[in-house]
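Coordinates in review
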Amino acid sequence: MEGLAQANDLSEVIEADRAHMWHHLSQHKQYETVDPRIIVEGKGMRVWDAAGKEHLDAVSGGVWTVNVGYGRESIANAVRDQLIKMNYFAHSAGSIPASRFSKRLIEKMPGLSRVYYSNSGSEANEKVFKMVRQISHRHHGGKKGKILFRERDYHGTTITALATSGQPQRAEQYGPLTPGFVMVPHCLEYRKQWDVENYGLRAADAIEEVILREGPDTIGALCLEPVTAGGGVIVPPAGYWERVQEICRKYDILLHIDEVVCGLGRTGTWFGYQNFGVKPDFVTMAKGVASGYAAISCTVTTEAVFDMFKDDPADPMSYFRDISTFGGCTAGPVAALENMRIIEDEGLLENTLKMGARVIENLSALQEKHAVIGDVRGKGLFCGAELVADRATKEPMDEKRVAAVVADVMAQGVIIGMTNRSLPGFNNTLCLSPALVATPDDIDQITDAIDRALTRVFG
C-alpha cells in the first residue's frame, strides 16, 4: 500500500466518520464500539483499509461496479483533462464526450439507437417508467400504463423503483409505493414452482398468465434483469428468454432489460441480454459503464420509441419532459469512453468468460466437499453459491450463518458478498463479482478463502 494510508494516522478521519457519516446499508449501533471500515486506496483488484490491511475485492467495489479494477490512471487523466476544458452544461445542450460515447455505445447494441443520460441505475430505470407512462397517455388513450416486474429482481432505490422490487425487504416500510406495477413469478429452477420438464418455457408462460389476468391492453412494458443479481444470482433457464420475447411481441408490450449490474462485460458479453438473442426496446445501465470513476447511467432505446416523442412538434407536451441535472455531465461519458477502450484493448470480455468458468469449476468442487452448498450458478464473472441447511429439502441456511462465512472470508483478506435484506428467509446466497481483470490466482484465492470459511463455520 502506498500514500495516505501508509503515511498518516487516520484516527481523525475515523472519528469524523463515526460522528457525521450515515453509511449505506448499515446498522450504525455497531459503530459505537467498532470502528467503521474506511477504504483508502485501491490498485487492480486489491484495496487497503485505514488500518493498512490489504483485501482482495471479489465484489468490485461492494456493488458490482469497478469492472476494470482500481487505479486506472488513464481514466483519471481523461476525466481531469475534460473537466479543465469543459466540466458541465445542462444536457439540453450536447457535449463532445457525451456524443462520442453514445456513438461507441450504440455500436455495441444492434437494433438500438438513442441514449438518454442520467446519474444512477435507479434514475435510468425511472426514465423508462416515465417514458412508458407518457407513451400510454399519448398513444394508447391512457391504457397500457401498467409495468410488469419479476419476483426476486431489483431495479432501484427510489419510491417508484421500489414499486418494481421483487425483493420485499427492500421495499418494506417505504410504502405506499407508486401504483401500476405488477409482479410476475421468478425463474429460479433450483426453487422451482412447477414440476415440468421445460422449466424455462413454463416460467415464461407464467408471465403470459399475468398479462391475461390483468388484461393485455393495460400492460405497457415488462422490466427484467438479464441475470437476477441481488435476488440470488439467477441465470434464466434455457428457452425462457425466447418465450419472453414472443409474449412481448404478441401483446405489444415493450421489453425493458435492466443491465445496471450485467452491463459492460460482467457476463462476458457487452450486455447480459446478448447471451440470449433477445431484442429489447429499452436497456438501462450504470455501475460498470465507467467502473465507478465517474457517475453515469444510460437509458438506451430504439428509434421507434424515440419517434413517439416527436410526433407533434406543435404540442408543447409531446416531447419527453424530463431532466437530470448531472446526466451527461462530461466526466461520466469521458470516463465511460476510456473504460470501454480498456475492456476492448485488454481483451476483458474473453478473460471474463475464462475466469468465470474457473469460478464455477472451483465452486462446484467446493459443492462436492461441503454439503452446505446446495446450488452453484452464474454467468461470466457474476456467480453465486446458495447455502442450505439440508440438500434434500433445500431448507435455506440461516442468514446469520451465511454472514459468518462472509465475515470469516473478510478476516482472511478477501471481500465477498451475500444476498442482503432481499427476501425473508432466502438471504442465503454467497455472491461473487470480481473485476474483469481477475487472474487464475485471484480466483483461486477467493474460492480457497470460501473453502476455509465453510470448514470453520460448518465443520
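Structure shown above.
Read on for an overview of the structure. (Residues numbered from 1 in each chain as written. Predicted model: local features only at pLDDT ≥ 70, side-chain atom pairs only at ≥ 80, totals over all residues. Heavy atoms only, no water.)

1. Section: the overall build of the chain
Filter applied, for reference: Numbering of helices and strands starts at the N terminus; helices are DSSP runs of H or I of at least 4 residues and strands are runs of E of at least 2. Here the radius of gyration uses the C-alpha set of atoms, whereas the globule reference equals 2.2 Å times the residue count to the power 0.38. Residue exposure (1.4 Å probe, protein chains only): buried if accessible area is under 20% of the type maximum, exposed if over 50%, otherwise partly exposed. Charge counting treats Lys and Arg as positive and Asp and Glu as negative, with His and both chain ends excluded. All charge positions are set by atom: Lys at NZ, Arg at CZ, Asp at CG, Glu at CD.
If you tally the helices and strands in the chain, you get 15 helices and 16 strands. Against the compact-globule benchmark of 23 Å for 459 residues, the chain has a radius of gyration of 22 Å, which places it among compact chains. Taking all 459 residues of the chain together, 53% fall into the buried category. The distance from the centre of the 49 positive side-chain charges to the centre of the 59 negative ones in the chain is 3 Å.

2. Considerations on the state of the cysteines
Rules: Here, the term disulfide refers to a pair of cysteine sulfur atoms separated by no more than 2.5 Å.
The full count for this structure, using the stated rule, is zero disulfides. Cysteine Cys329 is unpaired, with the sulfur of Cys298 as its nearest cysteine sulfur at 13 Å. A relative accessible area of 18% means that Cys329 is categorised as buried.

3. Description of the sheet that holds strand 5 (residues 146-150)
Paired through their backbone hydrogen bonds, the strands of a sheet run either parallel or antiparallel. To keep things clear, this is the line we draw: A pair of strands is labelled paired if DSSP reports no fewer than 2 bridges between them. For helices, the fitted axis covers only the stretch in contact; all axes are lines through C-alpha atoms, and the angles between them, taken along N-to-C directions, range from 0 to 180 degrees.
On the basis of which strands lie adjacent, the open sheet formed by seven strands has the order 4-10-9-8-7-5-6 and mixed pairing. Each edge of the open sheet carries a strand with a single partner, namely strand 4 (114-118) and strand 6 (181-184). When strand polarity is set aside, the average angle formed by the axes of neighbouring strands in this sheet is 20°. Here strand 5 runs beside strand 7 (residues 219-224); their pairing, made up of four bridges, is parallel.

4. What about the pairing of strand 1 (residues 39-43)?
Where strand 1 and strand 2 (residues 46-49) come together, four bridges link them in antiparallel fashion. The partner of Lys43 across the bridge, within strand 2, is Arg46. Here strand 1 folds back onto strand 2, and the loop between the two strands holds two residues, one of which, Gly44, carries a positive phi near 65°.

5. Some thoughts on the sheet that holds strand 14 (residues 414-415)
Across the sheet, four strands lie side by side as 1-2-3-14; this open sheet has mixed pairing. The outermost strands of the open sheet, each flanked by one partner alone, are strand 1 and strand 14. In this structure, strand 3 (residues 54-57) lies alongside strand 14, joined through two bridges in parallel fashion. The partner of Asp57 across the bridge, within strand 14, is Ile415.

6. A look at the environment of Arg401
Cut-off, in case you're wondering: Only heavy atoms matter for contacts: two residues are in contact if any of them lie within 4.5 Å across the pair.
For Arg401, the location among the structural elements is in helix 14 (residues 399-411). With relative accessibility at 38%, the residue Arg401 sits in the partly exposed group. For the pair Arg401 and Glu361, spaced 40 residues apart in sequence, the C-alpha to C-alpha distance is 24 Å. When sequence neighbours within four positions are dropped, the list of residues in contact with Arg401 reads Val457 and Phe458.

7. Topic: the nonpolar core
Heads up, the condition is: What makes a nonpolar core is a set of buried Ala, Val, Leu, Ile, Met, Phe, Trp, Tyr and Cys residues whose side-chain atoms join them at distances within 4.5 Å.
Counting residues in each nonpolar core, the largest one holds 94 residues, and the members touching the most others are Val244, Met285, Ile416 and Ile450. When neighbours within four sequence positions are excluded, Val244 is seen to be in contact with Ala204, Ile207, Leu222, Leu224 and Leu255. Ile147, Phe149, Phe282 and Phe320 belong to the second largest nonpolar core, which has 16 residues in total.

8. Overview of the environment of Ala58
Following the sequence through the fold, Ala58 ends up in the loop between strand 3 and helix 3 (60-64). Taking relative accessible area as the criterion, Ala58 reaches 0% and is therefore assigned buried. For the pair Ala58 and Ala385, spaced 327 residues apart in sequence, the C-alpha separation works out to 14 Å. Among residues more than four places away in sequence, those in contact with Ala58 are Ile415, Ile416, Leu432, Ser433, Pro434 and Ile446.

9. Let's talk about unusual backbone geometry
With an omega of 0°, the peptide bond running from Gly175 to Pro176 counts as cis. Examined against the element boundaries, Pro176 turns out to sit in the loop between helix 8 (168-171) and strand 6. Although it is not a glycine, Ser60 adopts a positive phi angle of roughly 50°. Take Ser60: it is sitting in helix 3.

10. Digging into the layout of surface pockets
Definition in use: Method remark: on a 1 Å grid restricted to protein atoms, a set of points is classed as a cavity if a 1.4 Å probe fits but cannot get out and as a pocket if it is open with protein on both sides within 12 Å along at least five of seven lines; lining residues have an atom within 4 Å of a point. Grid points are joined across faces, edges and corners, and a volume is the space filled by probe spheres set on the points.
The computed volume of the second largest pocket comes to approximately 650 Å³. As for the second largest pocket, its lining consists of 25 residues, and the residues nearest its centre are His91, Val115, Tyr116, Tyr117 and Phe306. Those elements giving two or more residues to the lining of the second largest pocket turn out to be helix 5 (96-107), strand 4, strand 10 (297-301) and helix 11 (303-307). Broken down by element, the residue count for the lining of the second largest pocket peaks at four residues, all from strand 4.

11. Looking at the environment of Ile159
Mapped onto the secondary structure, Ile159 falls in helix 7 (residues 159-162). Taking C-alpha positions, Ile159 is 6.8 Å from Thr178, a pair spaced 19 residues apart along the chain. Residues in contact with Ile159, not counting those within four places in the same chain, are Tyr174, Pro176, Leu177 and Thr178.

Shape is all these values report; function is a separate question.
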